[in-house]
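# Geometric and topological summary
Read off the chains here:
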Amino acid sequence: MRDHHLEERTVFTCFGYGSLVNAATLIPDVVAVPGKLRGWRRAWRHSGASSYGGRCTLTVVPDAGCEIWGAIVALPHEERPALDRREAQYDVVAPSEEAVTWLAGRPEGWPDPHLYVGHEEYGRPGDADNPIMLSYLDVVLSGFHAVYGEAGIAHFLETTADWHVPILDDRAAPRYPRALSLDERQHARVDEAIAAAGATKISL
């Protein structure tokens, strides 16, 4: 996680529960701290067509008995439009203050985080025409491992619904626009997680 200092500027905060947990996907002015969010569960949902075909990405759905780990991300307000474009298939909601736990303490001046929740029109799980991109899952799980270690990956698998959605193996030609170059050990860790979740890979 980066330094908490944002040059005394006002900031916008949100709770990241997927790719935003991976600091390598954030621009330099964005910083993040580990946190937890109660009352929500991650789920794999159809999220519309893109320039690289149909897709399935993470969203969150209400679940009173669940708590998810993630990262509370802060950015200067002038950078928010870029984040909104990145999360264009999501609505912005405000979880209750009591739902959020700041694991390393709340940095001075950081407001309550917002939450990006998938549009209702994308409320169904993905499918073979709208699969999970392996290049996306690589980014998400490597981010959780960097912040929370092996326990983070186990927690992610346990608190994410709809692992029946197929995973498109696009590592050789990544379709995810923020794909990262991972080493064999990192790829193996993700493959082990896929097996543990009982998920199925499909080919391009």
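Scoring rules and cut-offs
- Each chain carries its own residue numbering, running from 1 in the written order of its sequence.
- Residue-level local features of this predicted model are given only where pLDDT is at least 70; pairs of side-chain atoms are given and counted only at 80 or more, and the full residue set underlies all totals for whole chains, interfaces and linings.
- Side-chain calculation: all heavy atoms of the structure are included, whereas hydrogens and water are not.
- Residues belong to a common nonpolar core when they are buried Ala, Val, Leu, Ile, Met, Phe, Trp, Tyr or Cys residues joined through side-chain atoms within 4.5 Å.
- To sort residues, take the accessible area from a 1.4 Å probe on protein chains only and compare it with the maximum for the residue type: under 20% means buried, over 50% means exposed, and anything in between is partly exposed.
- Secondary structure is summarised from DSSP: a helix means a run of H or I of at least four residues, a strand means a run of E of at least two, and numbering begins at the N terminus for each.
- Contacts are assigned to residue pairs that have any heavy atoms within 4.5 Å of one another.
- Whenever a carboxyl oxygen of Asp or Glu lies within 4 Å of a side-chain nitrogen of Lys or Arg, that contact is scored as a salt bridge.
- Take the residue count of a helix, subtract one, and multiply by 1.5 Å to get its expected span.
- Think of it as the arc spanned by the lines of direction from the helix axis to the C-beta atoms.
- Here a polar contact is taken to be a pair of N or O atoms separated by no more than 3.5 Å, where protein atoms must pair a possible hydrogen donor with a possible acceptor and residues adjacent in sequence count only if both atoms sit in side chains.
- Centre distance within 6.5 Å is the pairing criterion for rings of Phe, Tyr and Trp, where only the six-membered ring of Trp is used; planes under 30 degrees apart are then read as stacked, over 60 as edge-to-face, and the remainder as tilted.
- To count as a disulfide, a pair of cysteine sulfur atoms needs to be within 2.5 Å.
- To get an axis, a line is fitted to the C-alpha atoms, and for a helix only the part in contact is used. The angle between two axes follows their N-to-C directions and goes from 0 to 180 degrees.
- Should an angle fall under 35 degrees it is called roughly parallel, over 145 degrees roughly antiparallel, and 65 to 115 degrees roughly perpendicular, with every other angle called oblique.
- When residues are sorted by character, Ala, Val, Leu, Ile, Met, Phe, Trp, Tyr, Cys and Pro go into the nonpolar class, Asp, Glu, Lys and Arg into the charged class, and all the rest, Gly among them, into the polar class.

It is worth spelling out the nonpolar core at this point. Residues Trp44, Leu137 and Phe156 are the most contacted members of the largest nonpolar core, which totals 56 residues. Looking at this core, the elements with two or more residues in it are strand E1 (11-16), strand E2 (31-50), strand E3 (53-76), strand E5 (100-102), strand E6 (115-118), strand E7 (132-133), helix H2 (134-158) and helix H3 (184-197). With near-sequence residues (within four places) excluded, Phe156 lies in contact with Tyr17, Arg42, Trp44, Leu58, Leu137, Val140, Leu141, Phe144 and Trp163.

Of all six residues that make up E1, six are buried, and the element is covered over most of its length. Both faces of E1 are covered, namely the face carrying Val11, Thr13 and Phe15 and the face carrying Phe12, Cys14 and Gly16.

The tally for this structure, following the rule as stated, stands at eleven salt bridges. In this structure, Glu67 engages Arg38 in a salt bridge whose closest nitrogen and oxygen atoms are separated by 3.7 Å. One end of the pair, Glu67, is in strand E3; the other, Arg38, is in strand E2, and 29 residues separate them in sequence. Take Glu67: its relative accessible area is 26%, and that puts it in the partly exposed class. Residue Asp84 pairs with Arg80 through a salt bridge whose shortest N-O separation is 3.2 Å. Of this pair, Asp84 and Arg80 are both found in helix H1 (residues 80-86), four residues apart, which corresponds to roughly one turn of the helix. One salt-bridge network, in which partners are shared between bridges, spans Asp138, Arg171, Asp191 and Lys201.

As a further point, take the side chain of His155. You can see His155 is positioned in helix H2. Ignoring any residue separated from it by four or fewer positions in sequence, one finds His155 in contact with Arg42, Glu67, Ile68 and Trp69.

Spanning 14 residues, H3 covers 20 Å between terminal C-alpha atoms, matching the ideal 20 Å at 1.5 Å per step. The set of residues buried in H3 consists of Arg189, Val190, Ala193 and Ile194. Seen end-on, H3 carries its buried residues on one side only, within an arc spanning 140 degrees. Turned more than 90 degrees away from the buried face of H3 sit Glu184, Arg185, Glu192, Ala195 and Ala196, all of them exposed. Looking at the packing, one finds that the buried side of H3 touches H2, strand E9 (167-169) and strand E10 (201-203). Taking the backbone nitrogen of Arg185 as reference, a side-chain oxygen 3.1 Å away marks Asp183 as the first, capping residue of H3. Looking one or two places after H3, you find Gly198, whose phi comes out positive at around 75 degrees.

A few words now on the packing of aromatic side chains. All told, the structure shown has eight aromatic pairs when counted by the stated rule. Chaining the aromatic ring pairs together yields one cluster made of Trp44, Trp69, Tyr136, Phe144, Tyr148, Phe156, Trp163 and Tyr176.

A few words on the state of the cysteines. Working definition of a disulfide: a covalent bond connecting the sulfur atoms of two cysteines. Enumeration over the complete set of coordinates arrives at zero disulfides. Lacking any disulfide linkage, Cys56 is separated from the closest cysteine sulfur, that of Cys66, by 17 Å. Given the relative accessible area of 0%, Cys56 is considered buried. Its relative accessible area of 5% is what places Cys66 among the buried residues.

So, about the packing of H2 against H3. Across the interface, H2 lies against H3 with an axial gap of 9 Å and an inter-helix angle of 80 degrees. When the axis of H2 is compared with that of H3, the two are roughly perpendicular. Judged by residue contacts, Leu134, Leu137, Asp138, Leu141, His145, Glu150, Ile153 and Leu157 of H2 engage His187, Arg189, Val190, Ala193, Ile194, Ala196 and Ala197 from H3. Looking at the contact of H2 with H3 residue by residue, the classes come out as ten nonpolar, two polar and three charged.

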